[in-house]
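Understanding the architecture of this molecule
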Amino acid sequence: MAKLALNKSTLNREGKNLKAYRQFVPALDLKRKQLMAARVKIRNDLLVFQQTLDTLKLQINEEFSVLATAEIDVDRLVKVEAIELDYYNLVGLQLPKLGRFSVESQQYSKLATPLWFDPLVLNLQQSVRLEAEVMIAQRQLCLLDEGLRKTTQRLNLFDKVLIPTTEKNIRKIKIALSDAERAGVVRAKIAKNKRRRLAFT
């Protein structure tokens, strides 16, 4: 670390730095609060998606227990045809959200399948979409946690390191300048007294 020059130009520079650092702190604190609020909201959304998905899977298992005896390949019945992610900006953080999403159902004969088959297909389509929503919400949480960690680090850097260090430097420079000014006054008085004594001799 470079040695601190105890002069007025350094004092001015440190004063400007302190002013700039103090302007960053409220903005970083606001960003941190917004990220925390978004994280709470997305956690709640994830919980709702997960509970809905669990309920739907339970419903599928209960209502369509006939599937165990039927010779139907449920895994191939519904598949994702297209999934696109959109991104939105949250205080400088790019978060994904579900954009275009479409599922495709395997062709089946309406006459050759039982009546419960259509609701089964609809429930399976809904569960596939919910699984996508859960994965995206989990990704959003990971990104928010990382963004929150970085923002907190920056906030701590300004709040606990840069601002206190700069304030300490300013105090040190002011004391040194004050001491130098006092020493100058004392030297001037001594020189004046010496001249006066020399004038009398």
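Before going into details, it helps to say that this report is about the structure given with it. (Residues numbered from 1 in each chain as written. Predicted model: local features only at pLDDT ≥ 70, side-chain atom pairs only at ≥ 80, totals over all residues. Heavy atoms only, no water.)

Quick look at the side chain of Ser-102 now. By secondary structure assignment, the location of Ser-102 is in strand S2 (residues 93-105). The residues contacting Ser-102, other than those within four sequence positions of it, are Val-80, Glu-81 and Ala-82. (Helix = DSSP H or I, 4+ residues; strand = E, 2+ residues; numbered from the N terminus. Contact = heavy atoms within 4.5 Å.)

Moving on, we get to the side chain of Ser-127. Assignment of secondary structure puts Ser-127 in helix H3 (residues 117-200). Beyond its immediate sequence surroundings of up to four residues, Ser-127 is in contact with Leu-53 and Leu-56.

Let's shift gears to a positive patch on the surface. Residues Lys-3, Lys-168, Arg-171 and Lys-172 make up a contiguous surface patch of positive charge. For Lys-172, a relative accessible area of 48% corresponds to the partly exposed category. (Patch = residues over 30% accessible without salt bridge, like charges linked within 9 Å, V, L, I, M, F, W, Y side chains within 5 Å. Areas by Shrake-Rupley, 256 points an atom, 1.4 Å probe, with all protein chains shown as cover. Salt bridge = Lys/Arg side-chain N within 4 Å of Asp/Glu carboxyl O. Lys, Arg positive; Asp, Glu negative; His and termini not counted. Charge placed at Lys NZ, Arg CZ, Asp CG, Glu CD. Buried < 20%, exposed > 50% of the residue type's maximum accessible area, 1.4 Å probe, protein only.)

With 27 residues, the main nonpolar core has Leu-77, Val-78, Leu-120, Leu-124 and Leu-144 as its most contacted residues. Mapped onto this core, the elements with two or more residues apiece are helix H1 (8-63), S2 and H3. Considering every element that reaches this core, the biggest residue donor is H3, with 14 residues. Membership of the second largest hydrophobic core comes to ten residues, among which are Leu-11, Tyr-21, Leu-28 and Phe-158. (Core = buried A, V, L, I, M, F, W, Y, C linked by side-chain atoms within 4.5 Å.)

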